[in-house]
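What follows is each chain in one-letter form.
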Amino acid sequence: MNPLATQAALQILSQGGNAVDAAVAAAAVLGVTDPYSAGIGGGGFMVIYLAKERRVVTIDHRETAPASFHPRVFLEANGQPIPFAERVTSGLSVGVPGTVMGWEEALKRYGTMGFAQVLAPAIRIAEQGFPVSETFAQQTRANQERFNYFTSTRSLFLPGGQVPAVGSTFKNPDLARTYRSIAIGGSRIFYRGPIAQAIVDTVNRPPLSPGVTANVRPGRMALSDLADYYARILPPVVSSYRGYTVYGMGLPSSGGLTIALALNILEGFNLGALPREQALHLYLEASRLAFADRNAYMGDIGFADVPIPGLLSKAYAEEQRKRIGQRAAEGAVAPGDPYRFFEEPSPVLRPRARNASWEGESTTHLTVVDKEGNIVAYTFTIESIGGNGMVVPGYGFLLNNELTDFDPTAPHPNAPEAFKRPRSSMSPTLVFKDGRPFMALGSPGGATIITTVLQTLLNVIDFQMSWEEAVAAPRLSQRNLATTTVERGFETSALARALEGLGHRWTVTGEIGAATLIGFNPDGSLTAVAEPVRRGGGSAGVVQPKPEGR
Ligand code: GLU
């Protein structure tokens, strides 16, 4: 994560704050320094280990569809889906933001500090500014056209009509003021009153620059949608893998379940003892099967009858395992039948299987541990890089386009519905061994989040890589598609050749994900790892470094 966010977390920890306080402080800084990936205009998922109580809780503060939302909202009059780019840069795609409520619930229930204390570092950085990085400038440039559509976005992120120069100081006084109001008034200030009004106005009447002809569709959000927003405190998805216990995020994130599905399938193979191409073949095919189920069955649990006990059953995994052949499947495979693994009679109505639609790859992930042993793995986002492109005028933050994560065409467990939360892939994950923390991790990257977390787990548990190697290793992502996405360079490796011999085909991309990980070493020390290279490199730190040579 951004070094300024790491510093804020460490500062809060040294002031006596716990991991939850530090996570919120770091997240608030990311809202300033990485405003295109996350912020108070979006939502997220926090997985928390409470050391004293020895239990894991999760906070779902995913964006929620407004009351006006309905299954045809993303369809043209002729029944065709509205083009994806138009869905993204629209008022229609904005879900009621969940971040401020998520932070407040986290602090009130599990933190030791209030908003005033944890927001202080972010307020200072928003006021005094931070140096524009290569990534910030590049992401601004990539969004320049649509940022110009909106008066508020143009004046904040394209001052003087220009992309801010790398190394120049970027300030966001409006966001500093917004954070100050939250520091004083808490979530009420955000969900009721002038900020709520400004959000509603932006969604319903996008602040278009004069002369813009692009088809920017307004949404229909009401003040009551904001006033009604709530975060859900949910139990984690729990699964086991070779004696490790894995705690993941539950629906509406598909992360925990999909990772568990793949791990359960892979548990039947001795990956560490196999030649690496064989092991990776199994990883890719298990991931393909897991995604087939994810795409067919998963949606917001408050709305969809998801066959969770079947999906998590080891007996089901055993059956799915038999579907993996010597060679890669030719393309998308059909979902399995988890209903047969219910102890209860299986439901008669079953959702129709359908493949994934396009998903964004923005987002940011952070991981924190404190001296009492509390752990936070937190992924939060505004969906696309730059969200829906609209800064809320006068308040300094971008709105999300999270509702594009719905499958636009009903019927589907993830079809648009009023008050529903769109399916996510975010996968903040905690792994325990013999009741003690072993690792905490997560990543951004849309649907590739799931494969990034899965592959990193295998790198550590099966391939015995060090924490650093596990994060740095080249990533492969198979999401029930004809080709596997790989990072540039891998396609020419000997391993790639060997996998091609087993029928695998590649789509090459620059990079996949941007993980952060905390590893718990047998000697009681911790290792905090961020990306060495991806997304310009991340940052990690500890309050008390281990003395040299020990
Ligand atoms: N909207 C995505 C999700 O919830 C996250 C976007 C991303 O990671 O880039 O899964």
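Participant: Can you lay out the sheet that holds strand β13 (residues 484–487) for me, pointing to particular residues and giving the numbers?
Facilitator: Pairing within the open sheet is mixed, and its three strands lie in the order β12-β13-β14. The sheet is open, and its two borders are formed by β12 (476–477) and β14 (506–509), each paired with just one other strand. As judged from the four bridges shared by β13 and β14, these two strands associate in the parallel manner. What sits directly across from T484, in β14, is W506.

Participant: Give a description of the environment of R220 that names residues and reports values.
Facilitator: Turning to its location among the elements, R220 is positioned in the loop between α11 (194–204) and α12 (223–227). A C-alpha to C-alpha distance of 7.9 Å links R220 and F69, two positions 151 residues apart in sequence.

Participant: Account for the side chain of R217, naming residues and giving values.
Facilitator: Within the secondary structure layout, R217 lies in the loop between α11 and α12. Residue classification places R217 among the buried residues on the basis of a relative accessible area of 16%. At a separation of 3.2 Å, a polar atom in the side chain of R217 contacts the side chain of E76. In this structure the side chain of R217 is engaged in a polar contact, spanning 2.6 Å, whose partner is the side chain of E86.

Participant: Describe the nonpolar core, and please don't skip the residues or the numbers.
Facilitator: Residues W103, Y179 and I199 are the most contacted members of the largest nonpolar core, which totals 78 residues. Ranked by the residues each element gives to this core, the list is headed by helix α2 (residues 19–33), at twelve residues. Setting aside its immediate chain neighbours within four residues, W103 contacts V24, A27, A28, I40, F115, L119, Y179, Y378 and F380. Counting residues in hydrophobic clusters, the runner-up holds 77 residues, among them I259, F432, L458 and A473.

Participant: Residue-level account of the sheet that holds strand β1 (residues 43–50), with values.
Facilitator: Reading across the sheet, the five strands line up as β5-β2-β1-β9-β8 and stay open at both edges, with antiparallel pairing between neighbours. The open sheet is flanked by β5 (232–234) and β8 (364–369), the only strands paired with a single partner. The sheet shows a mean angle of 15° between the axes of neighbouring strands, taken without regard to direction. Direction of pairing for β1 relative to strand β2 (residues 55–61): antiparallel, over a ladder of seven bridges. Pairing of F45 across the sheet is with D60, part of β2.

Participant: Tell me about the packing of α2 against helix α4 (residues 99–110), and please be specific about residues and values.
Facilitator: Here α2 crosses α4 at 160°, and the two axes come no closer than 9 Å. The pairing of α2 with α4 is recorded here as roughly antiparallel in orientation. You can see that α2 and α4 cross each other, and the crossing is left-handed. Together, V20, D21, V24, A27 and A28 of α2 and W103, A106, L107 and Y110 of α4 make up the contact between the two elements. Looking at side-chain class alone, the contact of α2 with α4 contains eight nonpolar, no polar and one charged residues.

Participant: Tell me about unusual backbone geometry, and name the residues and values.
Facilitator: Omega for the bond connecting L251 with P252 falls within 30 degrees of zero, at 15°, which places this linkage in the cis form. With respect to the helices, strands and loops of the structure, P252 is situated in the loop between β7 (244–248) and α13 (255–266). With omega at -5°, the peptide bond leading from A410 into P411 counts as cis. Considering the arrangement of structural elements, one finds P411 in the loop between β9 (375–381) and β10 (429–433). Phi angles above zero are rare outside glycine, and R54 is one such case at about 50°. Summarising the element assignment, R54 is placed in the loop between β1 and β2. Of the residues examined, R54 reaches a relative accessible area of 56% and is grouped as exposed.

Participant: So, α13: which residues are in play, and what are the values?
Facilitator: Between its first and last C-alpha, α13 extends 17 Å over twelve residues, near the 16 Å set by a 1.5 Å rise per residue. The element α13 is largely enclosed, with a buried count of twelve among its twelve residues. Within the span of α13, buried status applies to G255, G256, L257, T258, I259, A260, L261, A262, L263, N264, I265 and L266.

Participant: Explain the pattern of salt bridges to me, using residue names and the numbers behind them.
Facilitator: Within this structure, the stated rule accounts for 23 salt bridges. When the shortest N-O distance is used, the salt bridge between R62 and D405 registers 2.8 Å. Here the residue R62 occupies a position in the loop between β2 and α3 (84–88), and D405 occupies one in the loop between β9 and β10, the gap between them amounting to 343 residues. Its relative accessible area of 8% is what places D405 among the buried residues. For R177, the salt bridge is made with D174, and the minimal N-O distance between the two is 2.4 Å. Residue R177 and its partner D174 are both found in helix α9 (residues 173–185); the two are separated by three residues, about one turn of the helix. Take D174: its relative accessible area is 25%, and that puts it in the partly exposed class.

Participant: Please give an account of the pairing of β8 that cites residues and values.
Facilitator: Burial analysis of β8 places six of its six residues in the buried class, the great majority of the element. Note that β8 and β9 share six bridges and pair antiparallel. The partner of V369 across the bridge, within β9, is I375. Between β8 and β9, which pair antiparallel one after the other, the connecting turn spans five residues, and G373 there sits at a positive phi close to 95°.

Participant: Quick rundown of the environment of S14? Include the residues and the values.
Facilitator: Note on placement: S14 falls in helix α1 (residues 3–14). Exposure remark for S14: the relative accessible area of 55% places this residue in the exposed category. C-alpha of S14 to C-alpha of K371: the two residues are 357 residues apart in sequence and 9.9 Å apart in space.

Calculation notes
- Residues numbered from 1 in each chain as written.
- Predicted model: local features only at pLDDT ≥ 70, side-chain atom pairs only at ≥ 80, totals over all residues.
- Heavy atoms only, no water.
- Pairing = 2+ DSSP bridges.
- Helix = DSSP H or I, 4+ residues; strand = E, 2+ residues; numbered from the N terminus.
- Buried < 20%, exposed > 50% of the residue type's maximum accessible area, 1.4 Å probe, protein only.
- Polar contact = N/O pair within 3.5 Å; in protein donor to acceptor, adjacent residues only side chain to side chain.
- Core = buried A, V, L, I, M, F, W, Y, C linked by side-chain atoms within 4.5 Å.
- Contact = heavy atoms within 4.5 Å.
- Axes fitted to C-alpha atoms, helices over the stretch in contact; angles between N-to-C directions.
- Parallel < 35°, antiparallel > 145°, perpendicular 65-115°, else oblique.
- Left-handed = near helix turned anticlockwise from the far one by under 90°.
- Nonpolar A, V, L, I, M, F, W, Y, C, P; charged D, E, K, R; others polar.
- Expected span 1.5 Å × (residues − 1).
- Salt bridge = Lys/Arg side-chain N within 4 Å of Asp/Glu carboxyl O.

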